[in-house]
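# Structure at a glance
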Amino acid sequence: MKVVTQTAWKLSVAPMIDVTDKHCRFFHRLLAPQARLYTEMISTAAIEHGDRARLLDFNPQEHPVALQLGCSEPQRLAAAARI
């Protein structure tokens, strides 16, 4: 995975609930190949107990994409990040 400095991003696409799914990100990548794309906020509970395959399914052409995790418990957040 290539690490890019923050200053390299000139365009970011903000996440939108029920909009910024993998299909939307793929479309955005076609429109703006250099944009930074974000996932919707995904809760740690969804990662722990939900459909991980669907939640963490990324098309290689979406990359780079920033995964957003939400939780108020640091240990659970770290576990979800490792997953």
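So, here is what we can say about the structure in this document. (Residues numbered from 1 in each chain as written. Predicted model: local features only at pLDDT ≥ 70, side-chain atom pairs only at ≥ 80, totals over all residues. Heavy atoms only, no water.)

We now examine the side chain of Arg 25. The residue Arg 25 is located in helix 1 (residues 22-31) in this model. Leaving out residues up to four positions away in the same chain, Arg 25 has contacts with Thr 20, Leu 37, Tyr 38, Thr 39, Asp 57, Phe 58, Glu 62 and Val 65. (Helix = DSSP H or I, 4+ residues; strand = E, 2+ residues; numbered from the N terminus. Contact = heavy atoms within 4.5 Å.)

Here we come to the pattern of salt bridges. Two side chains that carry opposite charge are able to pair once their charged atoms sit near each other. In this structure the tally under the stated criterion is four salt bridges. For the salt bridge of Asp 57 with Lys 22, the shortest nitrogen-to-oxygen distance reads 2.4 Å. Residue Asp 57 is found in the loop between helix 3 (52-55) and strand 3 (65-70), and its partner Lys 22 is found in helix 1; the two are separated by 35 residues along the sequence. One network of salt bridges, with partners in common, ties together Glu 48, Glu 73 and Arg 76. (Salt bridge = Lys/Arg side-chain N within 4 Å of Asp/Glu carboxyl O.)

As a further point, take the environment of Arg 29. Relative to the helices and strands, Arg 29 resides in helix 1. As a C-alpha pair, Arg 29 and Val 65 span 36 residues in sequence and 9.7 Å in three-dimensional space. Apart from residues no more than four positions distant in its own chain, Arg 29 is found in contact with Gln 34, Ala 35, Leu 37, Gln 61, Glu 62, His 63 and Pro 64.

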